[in-house]
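One-letter residues, chain by chain:
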Amino acid sequence: MKRALSLILILCLVFLLTGCSDEPEEYSVTFAIDGIPKTLDPQIASSDSELAVVYNTCEGLMRFSPDGTVVYGAAKTHSVSSDGLVYTFTLKEGLKWSDGQELSAKDFAFGLTRAVLPETNCPAVESFYAVKGAKDVFQNGADLSTLGISYSGNTVTITLLYPDEDILHTLACSAAMPCREDFFINSKGKYGLSDELFISSGPFYVKKWSQDTESVSLRISKSPEYVGDIEVKPASVVMFFNNQNDHITEMSEGQMGSAYMPASLYENAVKKDLNTTVRQSESFILSLNNAAPIFSTQKMREIFAKSIDRSVISSKLSYGSVMNNGIVPPSYMLNSKSYSDISPCSPIGYDATAADEYLDELSVIKDTLQARLDAEKKAEDDYLEAVKKAHEDKKPIPEKPKKEITPYSLYAPWDSKDTVETDLSIICLDSPYVTPVALAVASCWEKAFGITVSVKPLSKNELTSAAKQGNYFAAILSYESPDCNAKSFLYSFTSYSNQNHIKYLNEEYDNFIRSLQTDGVTPDKLNQAENMLVSSASVIPLFSASHMVASMPNISNISFVTPNGYIDFTQALNSD
């Protein structure tokens, strides 16, 4: 009954959103995506559903072509100074916002400035650190006069701190989209939270955003104000963000035109004669919590890494998933080229004899932990004695010393209930393409060390929260950069990055990344940074999972645009 009502609601919304329009309708398509957008603000948007809207309704100075190369967007031409530090962009004539007002160079400068302001908290801010003053503005609140972003007439000038061949890629990403200052101010802190508080600069504009509690839907329509190079085919696209329904069945029954879903459902889609397009989109890593005594030494982390038989992991992968040698997702780019092609990485290999070193190393760690526990016990006894004496002498009670050992630092693979809390578990996303991999890793460790390792599947929010708080022994996480760029992805593992969700701490790595932010970035240096992470055995590459677009036989040309993998609706066709 609930499913039937949901389908009726969808059909009603399609009618309301497509039938009551004052614009000519050549054809429309419907699309279901997993996830409800929280904002359409390009400087903040990061989820798949948010970017699906932003990349179709906004256009930066540059944009991505379907093959992943960077081409002109709103810019007509650009020039670069001889030292590679000053980029000047000249805008196309006649640019307009979807409300008919002029789209100016000031709007691009304001959008870029917002991306580095600390109050914006842009998830891709590190992508802009090559811009002069950007890092200092974001981290230290430096005056905006020091920022290398300016405009004059129909030109935008960006001055860099050091040469960055990847700056054009950055300028094609969501966070570099224009923003009109007066509209932003008038939104009073709610910019991008509704269709009334969002204006578009791209091939589509947001016609209607229904935020009904039962089924969220959003319609984007072809923008009559767009003067860019893209020929927009559909009159509109209606996107549904209700993930409670079986979209494959809906499409096979003609209830839904197309949908975004995990590639693990590929075989089901093929059986229903649906069109499919698959793309590798998520890179999964195994994080070993350095706060746990068992993983506090490089040696023990290496032992656990070497005890993972990658052939066992590979046998558990679902359709569309492939083993990763490095931690940077295979789809990520550097200088408009595949990063994994120009900077290959090698994981720590399987070694069946590594387990022989386990007990020796374990004994050292156990002795160290026991010494810490003994010291804490003595401190507790000393405190109780001090309290007793204070009572006898009628003096103030002394302050109780703080414990330095947290429950999660007591994880260890031995069973001494009087001194150690044992919780050997791998937390992971509760998903049919992730949980089997976690179970395979657990089985490798159980076989190698003779211990019991449990697997705890969690919701996405629970998993993210546990990782950020360091509440885990080992975790399998999807780790990605908001702009799908190899450079900013590797920056995300610095201790000072707001994207360092696993709390990875390595002073040597921090210093190396800092040197890149002053000396410049090359593929060799990024490759060195990635190998530093992998060789630390704190971050172990596992696999990349894929997602797909599935559609009814009459719907075609809904595609992924690399490297970001955003969904492009501009060429979508409906043959009915």
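Residues numbered from 1 in each chain as written. Predicted model: local features only at pLDDT ≥ 70, side-chain atom pairs only at ≥ 80, totals over all residues. Heavy atoms only, no water.

Caption draft 1: Region of interest: the overall build of the protein chain. Each helix and strand counted, the protein chain has 17 helices and 23 strands in total. In the protein chain, which comprises 576 residues, the proportion classed as buried is 55%. Here the analysis covers contacts within the protein chain between residues at least 6 apart in sequence; of these, 69% occur between residues at least 24 apart. (Helix = DSSP H or I, 4+ residues; strand = E, 2+ residues; numbered from the N terminus. Buried < 20%, exposed > 50% of the residue type's maximum accessible area, 1.4 Å probe, protein only. Contact = heavy atoms within 4.5 Å.)

Caption draft 2: Inspection of the nonpolar core at higher detail. Membership of the largest hydrophobic core comes to 91 residues, with the highest contact counts inside it found for Phe 31, Val 131, Leu 218, Ile 220, Met 239 and Phe 569. At 7 residues, the largest contribution of residues to this core is made by helix H3 (residues 105-116). Discounting residues that sit within four places of it in the chain, Ile 220 has contacts with Val 53, Asn 56, Thr 57, Phe 204, Tyr 205, Val 206, Lys 207, Ala 235, Ser 236, Val 237, Met 239 and Phe 569. Core analysis: the second largest hydrophobic core is formed by 75 residues, Ala 305, Ile 313, Cys 428 and Tyr 509 among them. (Core = buried A, V, L, I, M, F, W, Y, C linked by side-chain atoms within 4.5 Å.)

Caption draft 3: Representation of the environment of Leu 477 within the structure. By secondary structure assignment, the location of Leu 477 is in strand S18 (residues 474-478). The class for Leu 477 is buried, based on a relative accessible area of 6%. Through-space distance from the C-alpha of Leu 477 to that of Ile 502 is 8.9 Å; in sequence the pair is 25 residues apart. Residue contacts for Leu 477: discarding those within four places in its chain leaves Ser 283, Phe 284, Ile 285, Ser 287, Leu 463, Ala 467 and Ile 502.

Caption draft 4: Region of interest: the environment of Ser 465. Structurally, the position occupied by Ser 465 is in helix H14 (residues 460-469). Taking relative accessible area as the criterion, Ser 465 reaches 32% and is therefore assigned partly exposed. Between the alpha carbons of Ser 465 and His 501 there is a distance of 8.8 Å; along the sequence they are 36 residues apart.

Caption draft 5: Quick look at the packing of aromatic side chains. All chains considered together, the criterion is met by 19 aromatic pairs. Here Tyr 260 and Phe 560 contribute two aromatic rings whose centre-to-centre distance is 6.2 Å and whose plane-to-plane angle is 70 degrees, an arrangement assigned as edge-to-face. Taken as a pair, Tyr 260 in strand S11 (residues 258-262) and Phe 560 in strand S21 (residues 559-561) lie far apart in primary sequence, 300 residues in all. Here Phe 560 falls in the buried class, since its relative accessible area comes to 10%. What links up through ring pairs into an aromatic cluster is the set Phe 110, Phe 183, Phe 184, Tyr 191 and Phe 198. (Phe/Tyr/Trp six-rings, centres within 6.5 Å; stacked < 30°, edge-to-face > 60°.)

Caption draft 6: Quick peek at unusual backbone geometry. For Lys 188, which is not a glycine, the phi torsion comes out positive at approximately 55 degrees. Its location among the elements puts Lys 188 in the loop between helix H6 (181-186) and strand S8 (204-211). Judged by relative accessible area, which is 72%, Lys 188 ranks as exposed.

Caption draft 7: Main features of helix H2 (residues 48-57). Most of H2 is tucked away: 9 of the 10 residues are buried. Those residues of H2 lying buried are Ser 49, Glu 50, Leu 51, Ala 52, Val 53, Val 54, Tyr 55, Asn 56 and Thr 57.

Caption draft 8: Structural context of the pairing of strand S16 (residues 425-429). Most of S16 sits inside the fold, with 5 of its 5 residues counted as buried. In this view, the connection linking S16 to its parallel neighbour strand S17 (residues 454-458) by way of helix H13 (residues 435-449) has right-handed handedness. Strand direction decides the pairing type here: S16 and S18, joined by 2 bridges, are parallel. Residue pairing across strands places Ile 427 opposite Ala 475, the latter belonging to S18. (Right-handed = clockwise from strand over helix to strand, strands pointing away. Pairing = 2+ DSSP bridges.)

Caption draft 9: Representation of H13. Compared with an ideal rise of 1.5 Å per residue, which puts 15 residues at 21 Å, H13 spans 21 Å between its outermost C-alpha atoms and is within 8% of the ideal. Along H13, the residues classified as buried are Thr 435, Val 437, Ala 438, Ala 440, Val 441, Ala 442, Cys 444, Trp 445 and Phe 449. Looking one or two places after H13, you find Gly 450, whose phi comes out positive at around 70 degrees. (Expected span 1.5 Å × (residues − 1).)

Caption draft 10: Representation of the pattern of salt bridges. Summed over all chains, the structure comprises 10 salt bridges. Between Arg 63 and Glu 59 there is a salt bridge, and its shortest N-O distance comes to 3.7 Å. Residue Glu 59 is classed as buried on the basis of its relative accessible area of 6%. In this structure, Arg 180 and Asp 182 form a salt bridge, with 3.0 Å as the shortest nitrogen-oxygen distance. Overall, the relative accessible area of 7% leaves Arg 180 in the buried class. Looking at Asp 182, the relative accessible area reads 38%, which means it is partly exposed. A cluster of three or more residues bridged by salt bridges with shared partners is formed by Asp 99, Arg 180 and Asp 182. (Salt bridge = Lys/Arg side-chain N within 4 Å of Asp/Glu carboxyl O.)

Caption draft 11: Structural detail: the sheet that holds strand S5 (residues 86-91). Strand order in the open sheet formed by 4 strands is S4-S5-S7-S6, with antiparallel pairing between adjacent strands. Of all strands in the sheet, those with a lone pairing partner are strand S4 (75-80) and strand S6 (149-152), marking the two edges. Across the sheet, the mean angle separating the axes of adjacent strands is 20 degrees when strand polarity is ignored. When S6 meets strand S7 (residues 155-159), the two strands line up antiparallel, connected through 4 bridges. (Axes fitted to C-alpha atoms, helices over the stretch in contact; angles between N-to-C directions.)

Caption draft 12: Molecular detail of the side chain of Ser 546. Positionally, Ser 546 belongs in strand S19 (residues 539-551). A polar contact is formed between the side chain of Ser 546 and the backbone oxygen of Gly 320, at a distance of 2.4 Å. Those residues in contact with Ser 546 that sit more than four places away from it in its chain are Pro 262, Ala 263, Val 278, Arg 279, Gln 280, Ser 281, Gly 320 and Ser 321. (Polar contact = N/O pair within 3.5 Å; in protein donor to acceptor, adjacent residues only side chain to side chain.)

Caption draft 13: Geometry of the side chain of Ser 536. Its location among the elements puts Ser 536 in the loop between helix H17 (523-535) and S19. There is a polar contact of 2.6 Å between the side chain of Ser 536 and the backbone oxygen of Leu 533. When near neighbours in sequence (up to four residues on either side) are disregarded, Ser 536 contacts Gln 298, Arg 301 and Tyr 504.

Caption draft 14: A look at the environment of Pro 436. Here Pro 436 shows up in helix H13. The spatial distance from the C-alpha of Pro 436 to the C-alpha of Ser 315 is 9.7 Å, given a sequence separation of 121 residues.

Caption draft 15: Region of interest: the pairing of strand S10 (residues 236-240). Counting buried positions along S10 yields 5 of 5 residues, so the element is predominantly enclosed. Side chains Ser 236, Val 238 and Phe 240 project from S10 onto one buried face, and the interleaved Val 237 and Met 239 project onto a second face that is buried too. Both strand S1 (residues 28-32) and S10 contribute to a ladder of 5 bridges, which runs parallel. The residue bridging Val 29 from the neighbouring strand is Val 237, located in S10. With 5 bridges joining them, strand S9 (residues 216-222) and S10 adopt antiparallel strand pairing.

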